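These are the residues of each chain, in order.
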Amino acid sequence: MTLFRAPLALLLAATACSGQPQQSAAASPDAAAPTGPVARPATAPVTSLPDDAPDATVRNIPATTGRANRAETAPPFAMQTIGQFEDPFAVAVLPDGSALVTEKAGMIKLRRADGTIADVTGAPKVLFDNQGGLLDIALAPDFATSKLVYISYAEPRPGGSSLALARGLFTGTALVNLQVLWRAGSDGVGGQFGANILFAPDGTSLYLSSGERQRFTPAQDPDQAIGKILHLTLDGKPAPGNPQASAGGVRAETFSSGHRNPYGMVFAQDGKLWEVEMGPRGGDELNLILPGKNYGWPIVSNGDNYSGKPIPDHPSRPDLEAPRLWWNPSISPGGMIYYTGAMFPEFRGNLLIGALGGEALIRVALSGDTARVENQYKIGERVRDVAQGPDGAIWLLEDGGKLVRLAKK
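To start, this report covers the structure provided alongside it. (Residues numbered from 1 in each chain as written. Predicted model: local features only at pLDDT ≥ 70, side-chain atom pairs only at ≥ 80, totals over all residues. Heavy atoms only, no water.)

**A look at the overall build of the protein**
Line of reasoning, step 1. A tally of regular secondary structure across the protein gives three helices and 24 strands.
Line of reasoning, step 2. Here the protein has a C-alpha radius of gyration of 19 Å; the compact-globule value for 409 residues is 22 Å, and the two agree.
Line of reasoning, step 3. Taken along the three principal axes of its C-alpha coordinates, the protein extends 60 × 50 × 40 Å.
Line of reasoning, step 4. Expressed as a percentage of its 409 residues, the buried residues of the protein come to 59%. (Helix = DSSP H or I, 4+ residues; strand = E, 2+ residues; numbered from the N terminus. Rg over C-alpha atoms; globule rule 2.2 N^0.38 Å. Buried < 20%, exposed > 50% of the residue type's maximum accessible area, 1.4 Å probe, protein only.)

**A look at the side chain of Ser209**
Line of reasoning, step 1. Among the structural elements, Ser209 can be located in strand S11 (residues 205-210).
Line of reasoning, step 2. Taking the relative accessible area as the measure of exposure, Ser209 reaches 0% and is therefore buried.
Line of reasoning, step 3. Within polar-contact distance, the side chain of Ser209 engages the backbone oxygen of Pro262 at 2.9 Å.
Line of reasoning, step 4. Discounting residues that sit within four places of it in the chain, Ser209 has contacts with Leu163, Phe193, Gly194, Ala195, Asn196, Lys228, Ile229, Pro262 and Met265. (Polar contact = N/O pair within 3.5 Å; in protein donor to acceptor, adjacent residues only side chain to side chain. Contact = heavy atoms within 4.5 Å.)

**Quick notes on the sheet that holds strand S1 (residues 77-84)**
Line of reasoning, step 1. Pairing in this open sheet of four strands is antiparallel, and the strands run S1-S24-S23-S22 from one edge to the other. Two strands close off the open sheet at either side, each with one partner strand: S1 and strand S22 (383-388). Put simply, the sheet's adjacent strands are angled 25 degrees from each other on average, direction ignored.
Line of reasoning, step 2. Two strands pair when backbone bridges link them, and S22 and strand S23 (residues 394-398) are joined in this way by five bridges, in the antiparallel orientation. Bridged to Val383 within S23 is Glu398. (Pairing = 2+ DSSP bridges. Axes fitted to C-alpha atoms, helices over the stretch in contact; angles between N-to-C directions.)

**Focus on the environment of Ile226**
Line of reasoning, step 1. Residue placement: Ile226 occurs in the loop between S11 and strand S12 (228-233).
Line of reasoning, step 2. Judged by relative accessible area, which is 2%, Ile226 ranks as buried.
Line of reasoning, step 3. As a C-alpha pair, Ile226 and Ser186 span 40 residues in sequence and 7.8 Å in three-dimensional space.
Line of reasoning, step 4. Leaving out residues up to four positions away in the same chain, Ile226 has contacts with Ala184, Ser186, Ser210, Gly211, Glu212, Arg213, Arg215, Pro218 and Ala219.

**Observations regarding the environment of Ser330**
Line of reasoning, step 1. Within the secondary structure, Ser330 is located in the loop between strand S17 (325-327) and strand S18 (333-338).
Line of reasoning, step 2. C-alpha of Ser330 to C-alpha of Pro298: the two residues are 32 residues apart in sequence and 17 Å apart in space.
Line of reasoning, step 3. One polar contact links Ser330 to Asp284, side chain to side chain, over a distance of 2.5 Å.
Line of reasoning, step 4. Of the polar contacts made by the side chain of Ser330, one reaches the backbone nitrogen of Ser332; its length is 3.0 Å.

**Details of the packing of aromatic side chains**
Line of reasoning, step 1. With the rule as written, the count across this model stands at 12 aromatic pairs.
Line of reasoning, step 2. Geometrically, the ring pair formed by Phe77 and Tyr377 is edge-to-face, given 5.3 Å between the ring centres and 75 degrees between the ring planes. Of the two residues, Phe77 sits in strand S1 while Tyr377 sits in strand S21 (residues 370-378), which places them 300 residues apart along the sequence.
Line of reasoning, step 3. Using a relative accessible area of 3% as the deciding quantity, one classes Phe77 as buried.
Line of reasoning, step 4. Its relative accessible area of 5% is what places Tyr377 among the buried residues.
Line of reasoning, step 5. Ring geometry for Tyr339 and Phe344: centres 6.2 Å apart, planes at 65 degrees, overall edge-to-face.
Line of reasoning, step 6. Ring pairing ties together the aromatic residues Phe77, Tyr339, Phe344, Phe347 and Tyr377, which thus form one cluster.
Line of reasoning, step 7. The aromatic ring of Phe143 is capped on one face by Lys147, whose charged end is 5.1 Å from the ring centroid. (Phe/Tyr/Trp six-rings, centres within 6.5 Å; stacked < 30°, edge-to-face > 60°. Lys NZ or Arg CZ within 6 Å of the ring centre and 35° of its normal.)

Right under this line is the structure:
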């Protein structure tokens, strides 16, 4: 997803889940094995998941501001299907108007500018299971000359999987010289990988969202790289200037903590970093990400556990960073872009957020540190990712497999 762009059983039934099949698969046999894995301290794999967030330790103070649910409106777009894929997750638009699309079972597809679709070989082996698989894809800031592509995926590991970040050279037909740059560790079971890749505005570092894998409390553990937003060099090392850069290990990589399942990140023109993440049963969030801040999961949330067990709202812990907007009932946010195109000048400087459970495209206006929902356009399909085409058209990647182009009527 680029700028151009509960318990297991209960989670799969809930609107905030990814709705992906419970099956395992790997990339094709000719896929290259990544080189250069990054080591983490050895720990026992996680083999079971908790049912609920921990018991509350503070009195609930209800959230009374920031709720962003809006009535749906008809989309003011001409909508055209421009591709069909199988269980897609992310789309990255290339400079020539073609696009790379990841399919969760472990395939990368090239949608050429003429509309034809071809396989791209060289994807790594993935664990396609419980929301995991081949996930985000993003072009290096210098892609025009380097042809480097970054991918995130659920890497098969002893006892389960780990979120991994890798980089390879795109030849036009293959991804070659694939190298693992980073992995989360904390191997084991669980979905909610996050996995969004975003490059810093100056192109010298990247941000990676790492979901809490349905495990709740590790989002508050400073020594686990899950439930965090990591700030890394282009080679997957801790970025200089991070809040705890001198601490080493996961702490040196961490930019913010207390996240549940962050699916979208963008930089606005003013340099502010915005992130959207799935809450539990309700409580989806749009956050302004600030260095070193703790966003509260699973201590606070403006939603509740899937079992119905309540979680204190964000005002109950004012020391933890609250969302700028939140949705309850859930919209299940997916990918997000900061729109800069020419086709919809009225959208410039706005966030466009795909909604899975909400089956919508949500437009959010920004003003400094504040955000306001302008429209919730009814799409009628689960919107997994959003991208901006070269001509300013809006591309939606739907869970049902369609890549749809939105243009002026």
